[in-house]
Amino acid sequence: VEDKRSQELAQSLGELIGPQKVLAGPTTKTNYANDAYTVDHFPPLAVTLPETTEEVAKVVRWCNHHQIPFTPRGAGTGLSGGAMPALGGVVISTKKLTKILFIEPENSCLLAQAGVANLKLSQAVAQWGLHFAPDPSSQSVATLGGNIAENSGGPHTLKYGVTAPHILGLTFVDAKGDIQYLGGKVPGLPGYDLLSLMIGSEGTLGIVTEAWIKLTPLPEATETLLASFPSPAEACRTVSAIIRAGILPAALEMMDANILVAVKAAFSLDVIEGTGAMLLIETDGDPATAAQERDQILAICQEQGALKVELAANAEERAKLWTARKKGVGAMGRLAPTIVTHDGVIPPSRLPEMLEEVYRVADEAGVGVANLFHAGDGNLHPIFYFDSREPGKIEAVVEAGEKIIRRCLELGGSVTGEHGVGVEKAGLLEMMFDSPSLVLQKKGREIFHESELCNPCKIIPDARGCTEHKVRWRGAAT
Ligand SMILES: Cc1cc2nc3c(=O)[nH]c(=O)nc-3n(C[C@H](O)[C@H](O)[C@H](O)COP(=O)(O)OP(=O)(O)OC[C@H]3O[C@@H](n4cnc5c(N)ncnc54)[C@H](O)[C@@H]3O)c2cc1C
């Protein structure tokens with residue numbers, strides 16, 4: 001019955017935007033049933049691939065007319081289930097919205113469609129010595145629309161900030177199918193700052209189709225260090241010491257021993273005997289300042305008991321030092337068939353005790369855990385690895401994640417740093433906000449719409465069917 005309905009919907013949508021821009025069928029349903037948060041999935045009835053803002057608007061109006069939920073999707077690299085169609089319906093993919101429409105190097109800005117991959121934006125303007133500063137580690141595929149929806153960070157967030165300050169204006173299709181504009185080509189337009197409300201709204205307020213982005217000059221010089229420490233404790237102390245010294249590195253990333261085991265196995269990384277953690281640190285700016293900060297950091301690493309500190313002499317060596325950081329998550333496949341990357345934030349000075357808690361909780365849950373994260377921001381990413389086919393393991397991992405988040409909150413942190421709330425943490429916001437604050441957030445959403453159709457069950461799940469979805473995926477349904 002579902003298949004027949006799916007084919008009927010696909011045909012009707014095909015008449016609307018062209019049959020070549022609509023997918024249905026078993027493979028599509030499997031491929032679009034989840035994002036990179038692989039433990040939660042639900043298949044869509046159909047997937048649309050519009051090429052213009054107007055086509056997105058047509059699909060949204062069609063969904064409203066038929067009362068069918070819809071879910072925006074970029075590259076599907078999200079780690080909290082945001083692009084997972086929790087109640088089925090139609091996935092609106094930005095896969096064909098991949099044009100860079102205008103580049104204005106003289107004004108350091110460009111206008112692009114939402115489906116352009118993050119890295120492509122920087123590549124397109126490198127000839128003018130510019131780049132798009134937000135750089136999630138998924139940047140070779142993650143899209144501009146996904147970055148905006150998640151307000152994504154990345155290794156260089158410590159110095160350059162998350163996505164929000166780099167977005168000047170947006171075109172989006174609201175939940176009813178009307179085309180709307182926020183902000184513009186110049187920053188700080190008057191009126192209420194609805195642009196900020198839209199950024200980080202995880203596709204729950206509408207579908208971004210185009211954005212004016214701010215471009216940042218490429219640094220004149222970059223210095224990269226890779227420091228090995230006997231244990232995470234020394235590495236964490238080094239992070240605090242660098243921040244206390246008043247240095248603002250461009251990147252300050254940490255990898256623990258379990259990540260290094262995976263990367264060593266996959267990419268023959270050279271790891272010195274006795275290494276329990278590594279810090280990848282970058283300084284940038286004018287050549288004299290970048291070199292001076294590098295030397296200060298080198299001295300701090302040595303004072304804090306580093307076993308070895310490597311410096312990159314050129315771009316090739318820099319790329320080599322980044323190997324463990326950039327390829328760490330991919331290498332985790334060597335350790336177990338399922339990985340779930342968690343996300344929380346704490347003040348960086350509390351990292352040592354937080355990491356101890358992460359190892360303890362994983363041990364208690366009977367799953368492996370590796371840590372690869374933006375230490376300078378205190379943005380923790382415990383990566384659980386296990387075999388999801390083993391009974392009870394998914395439940396154990398979900399519970400372990402919740403324990404970690406509870407501890408993050410006790411230490412003055414947040415339930416998520418950069419991966420969003422999605423479905424994964426939709427139930428955890430109550431731990432962080434009191435009821436009037438949550439009501440205010442819901443009212444914020446109502447400025448945009450009161451519909452239950454736009455990416456239901458994400459952030460604040462109040463659509464009918466969200467509870468059933470949660471029960472279903474946790475395997476507790478009868
Ligand atoms: C290996 C790996 C490394 C990662 N590293 C980082 C990192 O360093 N920093 C970081 O912040 N994140 C990171 N992520 C998470 C993820 O890549 C980011 O959240 C990214 O911005 C998602 O982009 P996407 O195009 O894949 O979006 P998707 O996963 O497709 O969607 C994410 C959310 O955005 C919504 N959405 C997508 N497009 C639109 C649109 N056009 N309009 C409205 N809503 C939309 C979706 O509905 C969903 O809620 C990583 C993920 C992986 C797998």
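Quick caveat: nothing in here was measured; it's all calculated off a predicted structure.

Caption draft 1: Broad picture of the state of the cysteines. Within the structure shown, the criterion is met by 1 disulfide. Here C457 connects covalently by a disulfide to C466, the sulfurs 2.2 Å from one another. Handedness of the C457-C466 disulfide follows from its S-S torsion of about -90°: it is left-handed. Sulfur of C454: no disulfide; nearest cysteine sulfur belongs to C63 and is 9.8 Å away.

Caption draft 2: Looking closely at the packing of aromatic side chains. Within the structure shown, the criterion is met by 2 aromatic pairs. For the pair F102 and W212, a centre-to-centre distance of 6.4 Å together with 5° between the ring planes defines the contact as stacked. Here F102, found in strand β5 (residues 100-104), pairs with W212, found in strand β10 (residues 206-214); they are 110 residues apart in sequence, far enough to count as distant. Ring centres of F172 and F448 lie 6.0 Å apart, and the angle between their planes is 50°; on these two criteria the pair is classed as tilted. Note that F172 is positioned in strand β8 (residues 167-174) and F448 in helix α16 (residues 435-448), a separation of 276 residues in sequence. By relative accessible area, which is 14% here, F448 ends up buried.

Caption draft 3: Just the site of the ligand, in detail. Around the ligand there are 34 residues in total, and P72, T77, G78, S138 and T143 lie nearest to it. Taking H374, its side chain carries an N or O atom lying 3.5 Å from an oxygen atom of the ligand. A distance of 2.9 Å separates a nitrogen atom of the ligand from a polar side-chain atom of E418. Starting from 980 Å² of accessible surface for the ligand in isolation, the protein chains cover 94%. Of the pockets mapped on this structure, the ligand occupies the largest pocket. Going through the elements one at a time, β3 (70-73), α5 (144-150) and β10 are the ones with two or more residues in the shell around the ligand. It is α5 that provides the largest number of residues to the shell around the ligand, a total of 5 residues. Broken down by class, the residue content of the shell around the ligand amounts to 10 nonpolar, 20 polar and 4 charged.

Caption draft 4: Spotlight on the side chain of D343. Note that D343 resides in the loop between β16 (338-341) and β17 (344-345). It is K425 that comes nearest to the buried, bridge-free D343 among opposite-charge side chains, at 4.4 Å. Within the local environment of D343, its side chain forms a polar contact with the backbone nitrogen of E418, the two atoms lying 3.1 Å apart. From its side chain, D343 meets the backbone nitrogen of H419 in a polar contact 2.9 Å long. Ignoring sequence-local partners within four residues, the contact set of D343 consists of N379, L380, H381, P382, I405, V415, T416, G417, E418, H419, G420 and K425.

The rules behind these values
Residues numbered from 1 in each chain as written. Predicted model: local features only at pLDDT ≥ 70, side-chain atom pairs only at ≥ 80, totals over all residues. Heavy atoms only, no water. Disulfide = S-S within 2.5 Å. Phe/Tyr/Trp six-rings, centres within 6.5 Å; stacked < 30°, edge-to-face > 60°. Helix = DSSP H or I, 4+ residues; strand = E, 2+ residues; numbered from the N terminus. Buried < 20%, exposed > 50% of the residue type's maximum accessible area, 1.4 Å probe, protein only. Near = heavy atom within 4 Å. Polar contact = N/O pair within 3.5 Å; in protein donor to acceptor, adjacent residues only side chain to side chain. Areas by Shrake-Rupley, 256 points an atom, 1.4 Å probe, with all protein chains shown as cover. 1 Å grid on protein atoms, 1.4 Å probe; cavity = no way out; pocket = protein on both sides within 12 Å on 5 of 7 lines; lining within 4 Å. Sits in = over half its atoms within 2 Å of the grid points. Nonpolar A, V, L, I, M, F, W, Y, C, P; charged D, E, K, R; others polar. Lys, Arg positive; Asp, Glu negative; His and termini not counted. Salt bridge = Lys/Arg side-chain N within 4 Å of Asp/Glu carboxyl O. Contact = heavy atoms within 4.5 Å.

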